[in-house]
2 protein chains.
Amino acid sequence: MAGKGLKFRVILVEPFYEGNVGSVCRAMKNFGFDDLVLVKPCEMKDFAKAMASHAQDLLARARIVDTFEEAIEGADYLVATTGKPGARTSRHIRMPYFNPKELRQMLEDKSGTVALIFGREDVGLVNEYVERCDMVVYIPTSVEYPIMNLSHAATVILYELSGFEGGNIALADGKSLERLYSEFRELLVKINHPEHKRDKTLMMLRRVLGRAMLNNREFYTMIGIIRDVELKIERMEKEEVTEEESS
Amino acid sequence: MAGKGLKFRVILVEPFYEGNVGSVCRAMKNFGFDDLVLVKPCEMKDFAKAMASHAQDLLARARIVDTFEEAIEGADYLVATTGKPGARTSRHIRMPYFNPKELRQMLEDKSGTVALIFGREDVGLVNEYVERCDMVVYIPTSVEYPIMNLSHAATVILYELSGFEGGNIALADGKSLERLYSEFRELLVKINHPEHKRDKTLMMLRRVLGRAMLNNREFYTMIGIIRDVELKIERMEKEEVTEEESS
């Protein structure tokens, strides 16, 4: 949750070509972005600087962290980028996915901090991190050769979001959303939702609520409902126990 | 003039970093393009191939030519890309300019071969070539750092034009348009348009007709009108001479 308008953070997870990191800095500065976080990046020497060109200031200011959790700290909405979108609706991790124009449209009236997350050059963003994201974005590419260069993918997404200020509807903050999902998990346990289906059901909920882009008010209402349901169940369970005891 | 639909050609004028040439090949293949022409490029060795990645076939097929004229041979419509758009409406070379989304909209119903032309990494596309183009395209970037990496600029434009088939309205072919502009020049001479204004006026005409995207029928009508005007003037000049002789 932030003040009015959108802020964007670019997160590169374990990039291993320094030229790409420099190139991403250049694209960020070209399109007016300046918050870059690198998770366990490669060593960066002269070639990163050369590719950053007049964006070396941005490269120098980039925050380097050891974990994904540190990188997303303070971000309200996490966008996973991937060159490998989902293929089946029964698998929820990378499905549904949206293109950069749709992302822009969906963020049109929002405010908050949005993290744009890019994975490693060879494997892309792995499931462990995609699962944690609120939305999956895929750049429509040729079937023949869909995998883009890291800095090219960043360029396209930053180009689409450039000069974009968002609106007034505050996105629920990231930590609140995590609380919501953990409440949901507890609820699934309480209602005896089959254990082997829980992860999948939660992933689906994340994709549904992710694309709905919950605002704060909606978050409080939803978490309130879940708690009421839990309380109701707890009370009924106690009554059952009491009845059993008294019978 | 071509059959139904649009074909795109990418032309790089004197690129001098082989990595950029390879990167452009990759972006082209990512977005489904395959016609690349290089005008006096740098030497291309291993790094070009590395950056082309799975688009090395496209790099190997690229046509290498010595002149701009050879590169545009057979193209109907020439799009100059620039990081330095015009600033004053009184200078017509780089004004008006359009963004990639506008280019796509304008080409929506057209057919023919469109050349997307990119200049050198350091100076961009120089006036000598921008003047020959039918339209100037500029990617909206930050005032602070507007100059993009060559392959990033190509990526944005190819992304916008990807999967785009165009329509049925055949663009007038490039050679016809050049004839039209040379007829215009002759007409300006005939009507005593001030010599020092001729180049500027012709540049303006090119920008007006360029963004109008003339089709064949329009071309023939226009060239017909110019010729009629010229004939009329010639006949009147002859009559004047005859009258003078007889008086």
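Preceding block: the structure.
No experiment lies behind these values; they were computed from the predicted model shown. (Residues numbered from 1 in each chain as written. Chains lettered and ligands numbered in written order. Predicted model: local features only at pLDDT ≥ 70, side-chain atom pairs only at ≥ 80, totals over all residues. Heavy atoms only, no water.)

**Observations concerning the relation of the copies chain A and chain B**
- Relative to chain B, chain A is turned by 180° and slid 0.0 Å along the rotation axis, the superposed coordinates differing by an RMSD of 0.0 Å. One copy is carried onto the other by what is essentially a two-fold rotation axis. (Least-squares fit on C-alpha atoms with pLDDT ≥ 70 in both.)

**A word on the packing of helix α8 (residues 174–190) of chain B against helix α9 (residues 195–212) of chain B**
Residue and element names in this part refer to chain B.
- Where α8 meets α9, the axes come as close as 11 Å, and the angle between the chain directions of the two elements is 140°. Of the two elements, α8 crosses α9, and the hand of that crossing is right-handed. Along its contact with α8, which presents Glu178, Leu180, Tyr181, Phe184, Arg185, Leu188 and Val189, the element α9 presents Arg198, Asp199, Thr201, Leu202, Leu205, Arg206, Leu209 and Gly210.
- Here the contact of α8 with α9 is composed, by residue class, of eight nonpolar, two polar and five charged. (Axes fitted to C-alpha atoms, helices over the stretch in contact; angles between N-to-C directions. Helix = DSSP H or I, 4+ residues; strand = E, 2+ residues; numbered from the N terminus. Left-handed = near helix turned anticlockwise from the far one by under 90°. Contact = heavy atoms within 4.5 Å. Nonpolar A, V, L, I, M, F, W, Y, C, P; charged D, E, K, R; others polar.)

**Regarding the pattern of salt bridges**
All names here are of chain A.
- Per the stated rule, a full pass over the model turns up 34 salt bridges over all chains.
- For Asp35, the salt bridge goes to Arg9, with nearest N and O atoms at 3.3 Å. Here the residue Asp35 occupies a position in the loop between α1 (18–30) and β2 (36–39), and Arg9 occupies one in strand β1 (residues 6–13), the gap between them amounting to 26 residues.
- Two residues, Arg206 and Glu178, come together in a salt bridge whose shortest N-O distance is 2.9 Å. Separated by 28 residues along the polypeptide, Arg206 in helix α9 (residues 195–212) and Glu178 in helix α8 (residues 174–190) bring together distant segments of the chain.
- On the basis of relative accessibility, which here comes to 10%, the residue Arg206 falls in the buried class.
- Judged by its relative accessible area of 26%, Glu178 falls in the partly exposed class. (Salt bridge = Lys/Arg side-chain N within 4 Å of Asp/Glu carboxyl O. Buried < 20%, exposed > 50% of the residue type's maximum accessible area, 1.4 Å probe, protein only.)

**A few points about the packing of aromatic side chains**
- Counting across every chain of the model gives 14 aromatic pairs over all chains.
- An angle of 75° between the planes, with centres 5.7 Å apart, marks the rings of Phe8 of chain B and Phe33 of chain B as edge-to-face. Placement of Phe8 of chain B in strand β1 (residues 6–13) and of Phe33 of chain B in the loop between α1 (18–30) and β2 (36–39) is noted, with a sequence separation of 25 residues between them. By the burial criterion, Phe8 of chain B is buried, and Phe33 of chain B matches it.
- Among the aromatic residues, those joined into a cluster by ring pairs are Phe31 and Tyr159 of chain A together with Phe31 and Tyr159 of chain B. (Phe/Tyr/Trp six-rings, centres within 6.5 Å; stacked < 30°, edge-to-face > 60°.)

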